[in-house]
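Structural description and commentary
Chain by chain, the residues run as shown.
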Amino acid sequence: MIYGGIEAGGTKMICVIGDENGRILDRMQIPTKTPEETMPLMTDYFKDKDIKALGIACFGPIDLNRDSKTYGYITSTPKLAWKNYDIVGAFKKELGVPIGFDTDVNGSLLGEITWGCAKDLTDALYLTIGTGVGGGVMAGGKLLHGMLHPELGHIKMAVADGDTYKGKCPYHGTCFEGMAAGPAIEDRWGKKAVELADDDKVWDLESTYIAQALCTYILTLSPQIIILGGGVMHQKQLFPLIRKKVLEQLNGYIVTKELKDIDNYIVPASLNDDQGIMGSIKLAMDADI
Ligand code: ADP
Ligand code: ZN
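Residues numbered from 1 in each chain as written. Chains lettered and ligands numbered in written order. Predicted model: local features only at pLDDT ≥ 70, side-chain atom pairs only at ≥ 80, totals over all residues. Heavy atoms only, no water.

You'll find the protein entered in an unreviewed UniProt entry as fructokinase, with Butyrivibrio fibrisolvens DSM 3071 given as the organism. A UniProt comment under Catalytic activity (unreviewed entry) is attached to the protein, and it reads "D-fructose + ATP = D-fructose 6-phosphate + ADP + H(+)". Quoted straight from UniProt, the Sequence similarities (unreviewed entry) entry for the protein says "Belongs to the ROK (NagC/XylR) family." (UniProt positions renumbered as here; feature names shortened; annotations may be inferred.)

1. With respect to the pattern of salt bridges
Evaluation of the coordinates by the stated rule reveals 13 salt bridges. K192 is the salt-bridge partner of E186, the closest N and O atoms lying 3.6 Å from each other. What makes E186 partly exposed here is its relative accessible area of 35%. Across the salt bridge formed by K245 and D204, the nearest N and O atoms sit 2.7 Å from each other. Linking K245 in helix α7 (residues 238-250) with D204 in helix α6 (residues 200-221), this pair joins segments that are 41 residues apart in sequence. Exposure remark for D204: the relative accessible area of 39% places this residue in the partly exposed category. (Salt bridge = Lys/Arg side-chain N within 4 Å of Asp/Glu carboxyl O. Buried < 20%, exposed > 50% of the residue type's maximum accessible area, 1.4 Å probe, protein only. Helix = DSSP H or I, 4+ residues; strand = E, 2+ residues; numbered from the N terminus.)

2. Digging into the sheet that holds strand β8 (residues 124-129)
The strands making up a sheet associate through hydrogen bonds between their backbones, and the pairing can be parallel or antiparallel. The strand order across the open sheet built from five strands is β10-β9-β8-β11-β12, with neighbouring strands paired in mixed fashion. Each edge of the open sheet is held by one strand with a lone partner, namely β10 (142-143) and β12 (266-268). In terms of strand pairing, strand β9 (residues 133-139) meets β10 through two bridges, oriented antiparallel. Directly across from A139, in β10, lies its bridge partner K142. Contacting β8, β9, β11 (225-229) and β12, α6 runs over the sheet at an angle of about 155° to β8. (Pairing = 2+ DSSP bridges. Contact = heavy atoms within 4.5 Å. Axes fitted to C-alpha atoms, helices over the stretch in contact; angles between N-to-C directions.)

3. Brief notes about the nonpolar core
Counting 42 residues, the largest nonpolar core has F176, L214 and V246 as the members making the most contacts within it. Those elements giving two or more residues to this core turn out to be β8, β9, α4 (176-180), α5 (182-189), α6, β11 and α7. Apart from residues no more than four positions distant in its own chain, V246 is found in contact with A211, L214, C215, I218, I262 and I266. Counting residues in hydrophobic clusters, the runner-up holds 29 residues, among them I30, M42, Y85 and A90. (Core = buried A, V, L, I, M, F, W, Y, C linked by side-chain atoms within 4.5 Å.)

4. Thoughts on the pairing of β8
Within β8, five of the six residues are buried, leaving the element largely enclosed by the surrounding structure. With six bridges joining them, β8 and β9 adopt antiparallel strand pairing. Each bridged residue has a counterpart across the sheet, and for L125 the counterpart in β9 is V137. Linking β8 to β9, which pair antiparallel, is a turn of three residues. The sheet contact formed by β8 and β11 spans five bridges and is parallel. Residue pairing across strands places L127 opposite L228, the latter belonging to β11.

5. Some thoughts on the layout of surface pockets
Roughly 260 Å³ of internal volume is contained in the second largest pocket. Lining the second largest pocket are 15 residues, and of these R66, F101, D102, H145 and L283 lie nearest its centre. The greatest single-element share of the lining of the second largest pocket, amounting to four residues, is contributed by strand β7 (residues 99-103). In terms of residue class, the lining of the second largest pocket is made up of nine nonpolar, two polar and four charged. (1 Å grid on protein atoms, 1.4 Å probe; cavity = no way out; pocket = protein on both sides within 12 Å on 5 of 7 lines; lining within 4 Å. Points joined across faces, edges and corners; volume = space filled by probe spheres on them. Nonpolar A, V, L, I, M, F, W, Y, C, P; charged D, E, K, R; others polar.)

6. Points about empty space enclosed by the protein
Unoccupied space between atoms shows up once a probe the size of one water molecule is rolled over them. As enumerated under the stated definition, the model contains one cavity of 30 Å³ or more in all. Of the voids in this model, the largest cavity is the one considered here, and its volume is about 30 Å³. What lines the largest cavity is M179, I185, R188, W189, V202, L205, E206 and Y209. Elements with a minimum of two residues in the lining of the largest cavity: α5 and α6. Looking at the lining of the largest cavity element by element, the count peaks at four residues for α6.

7. Focus: the domain arrangement of the protein
The domain boundaries assigned to the protein delineate domain 1 (2-106 + 273-287) and domain 2 (118-268). Taken together, the nine residues of domain 1 in the interface contact 13 residues of domain 2. Buried area between domain 1 and domain 2, both sides added, is near 930 Å², and the carbon and sulfur share of it is 56%. Broken down residue by residue, the surface that domain 1 buries against domain 2 is led by L64, V105 and N106, which jointly contribute 51%. The interface formed by domain 1 and domain 2 contains zero salt bridges. (Domains from an automatic or database assignment. Buried area = accessible area lost by both parts, 1.4 Å probe.)

Here it is, written out as C-alpha cells:
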C-alpha cells in the first residue's frame, strides 16, 4: 500500500511517498511560499501517485477539533499567508483521499513511537529545539490534543542567576522558546548557534534552560521517554549536560527505573531527521476521514 506524507514547515514543505513499513520511496522538497504558489506544486506531486491516504504533520497553531467548523485549518500563525487556511480541505478537494492531520511535533513523535526509539511506549514526549521550541505528547497511547494542542515551548522560565537577556519571544519575552530556541542563541551571543559549538558557556546556559523545562514536563506529563530533536540539538554535547542538570533539579524526588537509566531516557531523535515525514506516513495510515 502506498501513502502520501507531508511535513509542512514554515520554511520548507517535504512531500513523500511511503509504505506501511515507514519506508520512504520518494521525496520532494520545496520552499514554503504562499498557499497560491506552494499548494499546486504539492497536489501535482501526489496526483499521479495513486496514494491511499495522505498524512500532514503541520506547523501551527492548527485546529484539530473534529467538531469544529475550522477543523483542518492552520489558524493564528504568524506566517500570515497561511493564516486561517484550510489545508486539509484544499488537499481533500484536489486528491479525494482520507487525510490524517496533526502538529509537526506530534508527527515526529508518532514516527518515533511507530518506527523509532519510543517503539511500543504509551507515554512519550518529543521536543524540537530549532527556529522555535515545540513539543508533541503521547499520553496513555493517544497523541495529546486537548483544547488546542500543547504549546510546550512557551512555558515560563525561571531566569538563571546573573542572566540579563530579555528574551526573544514576542508574546512572553523570556519563555522557554524566548530563551533557548536557535534565534535566541544567535541574538544573545551575536553569532549563529552552529558557530558557537566550542564555547562552553553557551551550552552550559542552554542546557540549564532545557533541563528546567524537561523537569516541568517530567513532573506534569510523566513521560516514559523524552526525545530531543531540532537544529540546536545537533550540538551533541548538550545531552550529558541536560541529563546531569535534570537529575540535579529533580533533586532525588522522583525514583524510577527510567531516571536511573537517564542515558536511555533523554535521547536524541533516532530516525536521521526523518521522524517527521515517517510520522506523516503513519498519520496517513491511521486516517479515517
Ligand atoms: P526548523 O525549526 O525551522 O524546522 P531546525 O530544526 O533546523 O529548523 O532549526 C533551525 C535552528 O537551529 C536555527 O536557529 C539554527 O541556528 C539552529 N541550528 C541548525 N543547525 C544547528 C547546529 N548544527 N548546531 C546548533 N544550532 C543549529
Ligand atoms: Zn513565548
